[in-house]
Amino acid sequence: MLFKTDKITGVVIKGMNILKNWKIYFYLIFTYVIMQIGSIFLVKPIFQYFKGNPSLTTQQAEYHGIAWSLFTANTLAAIIFLLLTFTRKNFFHVFKGKPASVGSTILWGVLGFFLALFGQMAAAFIEQLIGVEAGSENTAFLSEIAKVAPIIIICFVIFAPLLEEIIFRRVIFGGLYQKTNFIIAALISGLIFAAVHGELQHTLIYLAPGLVFSFVYYKTKRLITPMISHLLMNGLVVTIQLNYEKLEQLQNMHKSFITFLLG
């Protein structure tokens with residue numbers, strides 16, 4: 001009789017924990033959505049503030065408005081995310097088994113970066129084969145903003161890996177994994193991750209790293225692992241975009257040097 005009572009109690013406690021987690025999932029997703037909407041409404045007042053600066057053109061003031069609105073919304077969302085997640089001990093416990101060591105976590109984070117990079121290259125090749133035009137308008141536009149208002153770089157490199165990995169890997173992938181399996185959870189979370197970026201023609205480009213991030217999370221059982229991969233990925237993109245003209249000049253010099261050697 002005692003065994004049955006303990007078993008029932010265990011089931012009740014487990015059910016309560018699942019219910020609590022789903023409530024947290026709702027709060028996190030709600031905060032993420034409000035962050036996206038709120039950043040749009042913040043653009044106009046911040047733009048008006050920077051518009052009063054005579055040293056800035058109207059376009060530069062607009063770029064500052066976009067950058068600082070994203071930074072403000074991301075900062076508030078990050079604070080709420082951390083308060084919601086780190087105050088609950090079992091929130092990050094998704095997989096059975098012992099989490100990877102610090103060294104293995106960092107190693108897999110770096111490896112995940114290279115796997116994601118390779119995945120994107122393969123996805124880009126497939127997209128070209130099916131006639132999808134290369135290049136991301138969103139990335140190019142945000143890079144132009146970064147040249148005027150560097151504060152937005154923090155949103156790319158710090159806040160995006162933090163907020164997106166909590167939402168897409170822990171909440172969506174982790175929540176689905178507990179109900180289904182790795183493949184279903186990774187595909188669904190990866191597709192949602194791709195759709196949220198607003199470039200459906202480049203679904204494969206975003207899906208590839210999404211799948212890799214889910215894999216390294218599953219492999220190490222630590223959410224910090226895909227955060228490291230994501231941070232390195234975004235950091236590389238920002239570095240390339242901000243130095244695109246210099247890289248293009250180096251490429252032209254390289255071509256000229258090869259042409260000279262070949263006579």
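Just so it is clear, the model here is predicted, and its values are computed rather than measured.

Caption draft 1: Summary view of the packing of helix H3 (residues 102-129) against helix H7 (residues 203-220). Look at H3 against H7: their axes get within 8 Å of each other, and the N-to-C directions meet at 155°. In terms of their interaxial angle, H3 and H7 are classed as roughly antiparallel. In the packing of H3 onto H7, the handedness of the crossing is right-handed. Where H3 abuts H7, its residues Trp108, Gly112, Leu115, Ala116, Gly119, Gln120, Ala123, Ala124, Ile126 and Glu127 lie against Thr203, Leu204, Ile205, Ala208, Pro209, Val212, Phe213, Phe215, Val216, Lys219 and Thr220.

Caption draft 2: Just H3, in detail. Helix length check: H3 (28 residues) gives 41 Å between terminal C-alpha atoms against 40 Å at 1.5 Å per residue, within 8%. Along H3, the positions that sit buried rather than exposed are Thr105, Gly109, Gly112, Phe113, Ala116, Gly119, Gln120, Ala123 and Glu127. Structurally, H3 contributes buried residues whose contacts are with H7 and helix H8 (224-242). Looking one or two residues beyond H3, the residue adopting positive phi is Gly131, at roughly 90°.

Caption draft 3: Local environment of the nonpolar core. Ranked by size, the top nonpolar core spans 41 residues in total, and within it Leu28, Phe81, Ile152, Leu163, Ile166 and Ile167 carry the most contacts. Among the elements that make up this core, the one with the highest residue count is helix H5 (residues 152-177) (13 residues). With near-sequence residues (within four places) excluded, Ile166 lies in contact with Leu28, Phe81, Thr85, Val171, Leu223 and Met227. Core analysis: the next-biggest nonpolar cluster, separate from the first, contains five residues, Ala116, Val212, Phe213 and Met233 among them.

Caption draft 4: Highlighting the packing of H5 against helix H6 (residues 182-196). Following both chains from N to C, one finds H5 and H6 inclined at 150°, their axes separated by 8 Å at the closest point. Pair H5 / H6 crosses with right-handed handedness. Side by side, H5 and H6 meet where Glu164, Phe168, Arg169, Ile172, Phe173, Leu176 and Tyr177 of the first sit next to Phe182, Ala185, Ala186, Ile188, Ser189, Ile192, Phe193 and Val196 of the second. Taken together, the residues that form the contact of H5 with H6 break down as 12 nonpolar, one polar and two charged.

Caption draft 5: Region of the structure containing the packing of aromatic side chains. Within the structure shown, the criterion is met by 23 aromatic pairs. Both rings, one in Phe26 and one in Phe30, keep their centres 6.0 Å apart while their planes meet at 20°; by these two values the pair is stacked. Residue Phe26 and its partner Phe30 are both found in helix H1 (residues 2-51); the two are separated by four residues, about one turn of the helix. Judged by relative accessible area, which is 52%, Phe26 ranks as exposed.

Caption draft 6: Geometry of the pattern of salt bridges. The full count for this structure, using the stated rule, is two salt bridges. Between Lys147 and Glu144 there is a salt bridge, with its nearest N and O atoms 3.3 Å apart. Taken together, the residues Lys147 and Glu144, both in helix H4 (residues 137-148) and three residues apart, mark about one turn of the helix. Glu144 gets classed as partly exposed once you look at its relative accessible area, which sits at 37%.

Rules used throughout
- Residues numbered from 1 in each chain as written.
- Predicted model: local features only at pLDDT ≥ 70, side-chain atom pairs only at ≥ 80, totals over all residues.
- Heavy atoms only, no water.
- Axes fitted to C-alpha atoms, helices over the stretch in contact; angles between N-to-C directions.
- Helix = DSSP H or I, 4+ residues; strand = E, 2+ residues; numbered from the N terminus.
- Parallel < 35°, antiparallel > 145°, perpendicular 65-115°, else oblique.
- Left-handed = near helix turned anticlockwise from the far one by under 90°.
- Contact = heavy atoms within 4.5 Å.
- Expected span 1.5 Å × (residues − 1).
- Buried < 20%, exposed > 50% of the residue type's maximum accessible area, 1.4 Å probe, protein only.
- Core = buried A, V, L, I, M, F, W, Y, C linked by side-chain atoms within 4.5 Å.
- Nonpolar A, V, L, I, M, F, W, Y, C, P; charged D, E, K, R; others polar.
- Phe/Tyr/Trp six-rings, centres within 6.5 Å; stacked < 30°, edge-to-face > 60°.
- Salt bridge = Lys/Arg side-chain N within 4 Å of Asp/Glu carboxyl O.

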